Amino acid sequence: MQMEKKDIRALSKEQLRDFFVANGEKAFRGNQVYEWLWSKSAHTFADMTNLAKPTREMLENNFVINHIKVDQMQKSEDGTVKNAVRLHDGLVVESVLIPTETRTTACVSSQVGCSLDCNFCATARLKRMRNLGPDEIFDQVVAIDNESKLYHNRPLSNIVFMGMGEPLMNYNNVLKAIEKITSPEGLGMSPKRITLSTSGIPKMIKKLADDEVKFKLAVSLHSAIDEIRSKIMPFSENFPLKDLREALQYWYSKTKSRVTYEYVVWRDINDNKASIDALVKFCKYVPCKVNLIEYNPIDDGEFQQASEASINAYIQALEANDIVVKVRRSRGKDIDAACGQLANKEG
């Protein structure tokens, strides 16, 4: 019976060096292979041109490189690019390149489907199939970096974990991927250019703080009133705002990094004075900024974009309290690449 080959990117550099020594080769070959896998993002062993043919064959006999494939790429009128990314087991996730005049941002997925049940989000309607491995997250970033160079003549400048899935429910793999993305032996990107967006899992936010991460934190808040928030995001009943607030205060005490609140205003849900007052109060607990996000309807159900007047009422109240607020207009709506729309319609 043929043994199943191991995914070579699951090995550390030390394990690769040990493999070569055990097979009668010099340890430094492990360093070369590691560089091909992570710095140069080799897709096949044949790409590793500074290794002798027998060495490449030995690798081929023992390992696989489970590389992603961009199955389908859609370009929006505004320059946004959406990738349907096929994984080695045939499952598909989506990632997005979002260009502006000054930067290009990769929006990457961390799970196939999602563990959570936010009612306004198309991704949440897909059941969670599995977590992505560090290499699969890393590959999405490499693919978007290549597209950024191709279409915009500049490398990727920022990464947001705002694609499919809840990153803190895939904690170890997400952190390993970020380690590879920021390592000089990987892509060498600054952690300050990476934002992890979570729906707000207090215990895991505290763990991030304890692990002294250097990237930025965003929280999908959408309401600072428990009853409204649990209607929008039913899972949040288990994570009341009091616990979230305490976790964010802990995060700030450890990291001194301000939090970004992602906040969508919906008609007849949170477009009222009580909701505005509650958000202003919540924003005073830790240094923060607020991104008011334009909503992208996924059907004609209860979630509808609020009026411009409602959004302006939020802006005025936040600015009157010296809270930084930006309105994020959605990009890539014409290809279902905007916030909350990632759901692999092609499957």
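Everything numeric in this text was worked out from a predicted model, so none of it was measured.

For the rest of this paragraph, the subject is helix α3 (residues 53–62). Among the residues making up α3, those that are buried are T55, M58 and L59. Each buried residue of α3 sits inside an arc of 100 degrees when the element is viewed along its axis, so together they form one side. Those residues of α3 that are exposed and aimed more than 90 degrees away from the buried face are K53, P54 and N61.

Next up on the list: the UniProt feature "binding site: S-adenosyl-L-methionine" (unreviewed entry) in the chain. On the UniProt side, "binding site: S-adenosyl-L-methionine" (unreviewed entry) is annotated at positions that read G165, E166, S197, S220, L221, H222 and N296 here. With respect to the element layout, L221 can be found in the loop between β11 (216–220) and α7 (226–232). With sequence-adjacent residues up to four places away left out, L221 is seen in contact with R229, M233, L241, L244, Y261, E262, Y263, L279 and F282.

This next bit is on the environment of M48. For M48, the location among the structural elements is in the loop between α2 (28–38) and α3. By relative accessible area, which is 0% here, M48 ends up buried. Measuring from C-alpha to C-alpha, the distance between M48 and Q32 comes to 8.5 Å, with 16 residues separating the pair along the chain. When residues no more than four places from it in sequence are discounted, the contact partners of M48 are V33, W36, L37, A42, R56, L59 and I65.

Right, let's talk about the packing of helix α6 (residues 202–210) against helix α8 (residues 241–255) for a bit. Contact pair α6 / α8: the axes reach a minimum separation of 9 Å and the direction vectors enclose 5 degrees. Between α6 and α8, the angle is such that the two are roughly parallel. For the pair formed by α6 and α8, the contact residues are P202, I205, K206, L208, A209 and D210 on the first element and D243, L244, E246, A247, L248, Y250, W251, K254 and T255 on the second. Grouping the constituent residues of the contact of α6 with α8 by class yields nine nonpolar, one polar and five charged.

One non-glycine residue, N153, lies in the positive phi region at around 55 degrees. Secondary-structure assignment places N153 in the loop between α4 (134–152) and β9 (158–161). With a phi close to 50 degrees, E212 is a non-glycine residue in the positive phi region. Inspection of the secondary structure assignment puts E212 in the loop between α6 and β11.

Between helix α9 (residues 273–283) and helix α10 (residues 308–320), the shortest axis-to-axis distance is 10 Å and the interhelical angle comes to 35 degrees. Classified by chirality, the crossing of α10 by α9 is right-handed. Across the interface between the two elements, S275, I276, L279, V280 and C283 of α9 pack against A313, Y314, A317 and L318 of α10. Residues that form the contact of α9 with α10 fall into these classes: eight nonpolar, one polar and no charged.

Here we have ten strands laid out as an open sheet, ordered β3-β4-β5-β6-β9-β10-β11-β12-β13-β14, and mixed in their pairing. The open sheet is flanked by β3 (69–75) and β14 (324–328), the only strands paired with a single partner. In this sheet, neighbouring strand axes are inclined to one another by 20 degrees on average, regardless of whether the strands run parallel or antiparallel. α8 contacts β11 and β12 (259–264) of the sheet and is inclined by roughly 170 degrees relative to β11. The sheet strands contacting α10 are β12, β13 (288–293) and β14, and the helix crosses β14 at an angle near 160 degrees.

A large share of β11 lies buried, amounting to four of its five residues. Alignment of strand β10 (residues 194–198) against β11, held across four bridges, turns out to be parallel. If you follow S197 over to β11, its bridge partner there is A218. Two strands pair when backbone bridges link them, and β11 and β12 are joined in this way by four bridges, in the parallel orientation. Pairing of L217 across the sheet is with V259, part of β12.

So, how was this worked out
- Residues numbered from 1 in each chain as written.
- Predicted model: local features only at pLDDT ≥ 70, side-chain atom pairs only at ≥ 80, totals over all residues.
- Heavy atoms only, no water.
- Buried < 20%, exposed > 50% of the residue type's maximum accessible area, 1.4 Å probe, protein only.
- Helix = DSSP H or I, 4+ residues; strand = E, 2+ residues; numbered from the N terminus.
- Arc of directions from axis to C-beta.
- UniProt positions renumbered as here; feature names shortened; annotations may be inferred.
- Contact = heavy atoms within 4.5 Å.
- Axes fitted to C-alpha atoms, helices over the stretch in contact; angles between N-to-C directions.
- Parallel < 35°, antiparallel > 145°, perpendicular 65-115°, else oblique.
- Nonpolar A, V, L, I, M, F, W, Y, C, P; charged D, E, K, R; others polar.
- Left-handed = near helix turned anticlockwise from the far one by under 90°.
- Pairing = 2+ DSSP bridges.

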